[in-house]
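Observations on the three-dimensional arrangement
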Amino acid sequence: MKRIYIICSLAVFLGIAGGISFFLIRDANAAIPASATFITQSGDTFTFGKDKTKLKLIEFIYTHCPDVCPTTTQKMVDLKKDLMKKGIYGKEIEFVTITIDPYRDTTKILEEYKQGFGIGNDTSWLFLTGAKQQTKDNQKQLRKITNALQFQYKDPGNGQFIHSTFTYLVDEDNKFIDKFPMGKEFNKQDAYAKIIDKIE
């Protein structure tokens, strides 16, 4: 009987270890497709494959979000200040905010959202959406990046999206480095330390 318990315990341990390894390997190999293309809050076209100069901290939001999204953006504003003091913001790292609700979040709405956080005319923090009249293509482009980073989202029909709660750090080649919780759980010290570690 004791031997059966040992065998069962070992099987459970190996199963858990295998599952953890799978997710770690999956994340480590994640990369944003070079063809993922969006429109910035200024109306310019942005393609991830053409931007291989800096690390990127990526957040997914929708502007009608009542809590997690705006809280994360504010925490990123605070993180930005620390990175500016270090002299690396805009030089070695940039921020990217992507809406998961491109139909409602037009370039104008994203610009208003950006200004609401006092981000101003910061060219090192991009806010990305899609063309309103190209709904199917918008979702196709969005899925390229959310699938790559394993970010899940769904509109249950009331406009209040259900979504994953992670922000993502990717390298100059848009390959996954690490992820951090969104909202109140976003720890700017953890994100700062990981960014500095990767740069230095």
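Topic: the overall build of the chain
On a plain count of helices and strands, the chain comes out with five helices and nine strands. Helices (α) and strands (β) of the chain occur, in sequence order from the N terminus, as α-β-β-β-α-β-α-β-α-β-β-β-β-α. In the chain, which comprises 200 residues, the share counted as buried stands at 42%. In the chain, 67% of the contacts between residues at least 6 apart in sequence involve partners at least 24 apart.

Examining the side chain of glutamine 41
By the element assignment, glutamine 41 lies in the loop between β1 (37-40) and β2 (45-47). Setting aside anything within four residues of it in sequence, one finds glutamine 41 in contact with Thr107, Leu110, Glu111, Lys114, Trp125, Leu126 and Phe127.

Focus: the nonpolar core
With 50 residues, the main nonpolar core has Phe48, Leu57, Ile58, Phe60, Phe95, Ile98 and Ile145 as its most contacted residues. Discounting chain neighbours no more than four positions away, the residues touching phenylalanine 95 are Leu57, Met76, Leu79, Lys80, Leu83, Tyr89, Ser124, Trp125 and Leu126.

Notes on the pattern of salt bridges
Applying the stated criterion across every chain, the model contains six salt bridges. The salt bridge partner of glutamate 200 is lysine 86, with a shortest N-O separation of 3.6 Å. With glutamate 200 in the segment after α5 (188-199) and lysine 86 in helix α2 (residues 68-86), this pair connects stretches of sequence that are 114 residues apart. Residue glutamate 200 is classed as exposed on the basis of its relative accessible area of 70%. Among the residues examined, lysine 86 registers a relative accessible area of 42% and is labelled partly exposed. A single network of salt bridges, built from pairs that share partners, joins Asp51, Lys56 and Glu94.

With respect to the packing of aromatic side chains
Scanning the model with the defined rule gives 13 aromatic pairs in all. Between phenylalanine 95 and tryptophan 125, the ring centres sit 5.0 Å apart and the planes meet at 85°, which makes this aromatic pair edge-to-face. Remark: tryptophan 125 occurs in strand β5 (residues 125-129) and phenylalanine 95 occurs in strand β4 (residues 93-99); sequence separation between them is 30 residues. Looking at tryptophan 125, the relative accessible area reads 0%, which means it is buried. Through successive ring pairs, a cluster of aromatic residues spans Tyr89, Phe95, Tyr113, Phe117, Trp125 and Phe127. The side chain of arginine 143 reaches across the aromatic face of tyrosine 153, ending 4.0 Å from its centre. Its end group placed over the ring of phenylalanine 166, lysine 179 keeps NZ or CZ at 4.5 Å from the ring centre.

Some words on the environment of asparagine 147
Along the chain, the position of asparagine 147 falls in helix α4 (residues 135-149). Overall, the relative accessible area of 45% leaves asparagine 147 in the partly exposed class. C-alpha separation for the pair asparagine 147 and alanine 30, spaced 117 residues apart in sequence, amounts to 9.2 Å.

Definitions and limits used
- Residues numbered from 1 in each chain as written.
- Predicted model: local features only at pLDDT ≥ 70, side-chain atom pairs only at ≥ 80, totals over all residues.
- Heavy atoms only, no water.
- Helix = DSSP H or I, 4+ residues; strand = E, 2+ residues; numbered from the N terminus.
- Buried < 20%, exposed > 50% of the residue type's maximum accessible area, 1.4 Å probe, protein only.
- Contact = heavy atoms within 4.5 Å.
- Core = buried A, V, L, I, M, F, W, Y, C linked by side-chain atoms within 4.5 Å.
- Salt bridge = Lys/Arg side-chain N within 4 Å of Asp/Glu carboxyl O.
- Phe/Tyr/Trp six-rings, centres within 6.5 Å; stacked < 30°, edge-to-face > 60°.
- Lys NZ or Arg CZ within 6 Å of the ring centre and 35° of its normal.

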